[in-house]
Amino acid sequence: MVIDGENTFFWNESLSSTAKTSKPFKTGRGDATKPLFFVANAQGASADMTITIETAKNEAFTTPVTVGTYTIKKGKLLVTPLPYGDLGYLRAKTGTESSTGKISAYLTMDAELH
């Protein structure tokens, strides 16, 4: 699986029962015929946790729109196609369920190779 730093929401960031919001990144408006995959893993997490992907028309996220909300199962890799509806910028937000562990979340073209 190829992981591009430009398409990474979180990379081995510590979890501490506090919600995290990734830096937004520009994707360009519109949807691909074959969408990217959203991949997330919460290694060492103390509980299953939620992660939400949001999109907006600007980097300030003045009007965010939720694209999808997922549950990352403790000790499991989440792999799902990125839903349609990208407005040009994406970011991710974690829930507060886990007090320990590290989270990584990113987009990739070849998640089927994991």
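A few points on the structure. Counting starts from 1 at the beginning of each chain's written sequence and moves along it residue by residue. Two thresholds apply to this predicted model, a pLDDT of at least 70 for residue-level local features and 80 or more for giving and counting side-chain atom pairs, whereas whole-chain, interface and lining totals are computed over all residues. Values shown for side chains rest on all heavy atoms present in the structure; no hydrogens or waters enter the calculation.

1. Observations concerning the pairing of strand 3 (residues 37-43)
Looking down a regular strand, the side chains alternate between one sheet face and the other.
Here is step 1 of the chain: For strand 3, the buried fraction is high: five of the seven residues fall into the buried class.
Here is step 2 of the chain: Note on pairing: DSSP must find at least two bridges between two strands before they are called paired. Numbering of helices and strands starts at the N terminus; helices are DSSP runs of H or I of at least 4 residues and strands are runs of E of at least 2. Alignment of strand 3 against strand 6 (residues 77-81), held across five bridges, turns out to be antiparallel. When the bridges of strand 6 are listed, Phe 37 appears paired with Pro 81.
Here is step 3 of the chain: Sheet analysis places strand 3 next to strand 8 (residues 102-108), joined by seven bridges and oriented antiparallel. Following the sheet pairing, Asn 41 is matched in strand 8 by Ser 104. Relative accessibility decides the category of a residue: with a 1.4 Å probe and only protein chains considered, values under 20% of the type maximum give buried, values over 50% give exposed, and everything between is partly exposed.

2. Brief notes about the sheet that holds strand 1 (residues 8-14)
Strand pairing in a sheet takes place through backbone hydrogen bonds and is either antiparallel or parallel in direction.
Here is step 1 of the chain: One open sheet holds the four strands; their spatial order is 1-8-3-6, and the pairing between them is antiparallel. Where the open sheet ends on each side, the last strands, each with one partner, are strand 1 and strand 6. Between one strand axis and the next, the sheet turns by 15° as a mean value, whatever way the strands run. Fitting a line to C-alpha atoms yields each axis, with helices limited to the stretch in contact; the angle taken between N-to-C directions then spans 0 to 180 degrees.

3. Details of the pattern of salt bridges
Pairs may arise between side chains of opposite charge once their charged atoms sit close together.
Here is step 1 of the chain: Here, a salt bridge means any Lys or Arg side-chain nitrogen found within 4 Å of an Asp or Glu carboxyl oxygen. Counted under the stated rule, the structure contains four salt bridges.
Here is step 2 of the chain: Across the salt bridge formed by Asp 48 and Lys 73, the nearest N and O atoms sit 3.7 Å from each other. With a gap of 25 residues between them, Asp 48 in the loop between strand 3 and strand 4 (49-56) and Lys 73 in the loop between strand 5 (65-72) and strand 6 connect regions that are remote in the sequence.
Here is step 3 of the chain: In this structure Lys 73 comes out as partly exposed when scored by relative accessible area, which is 47%.

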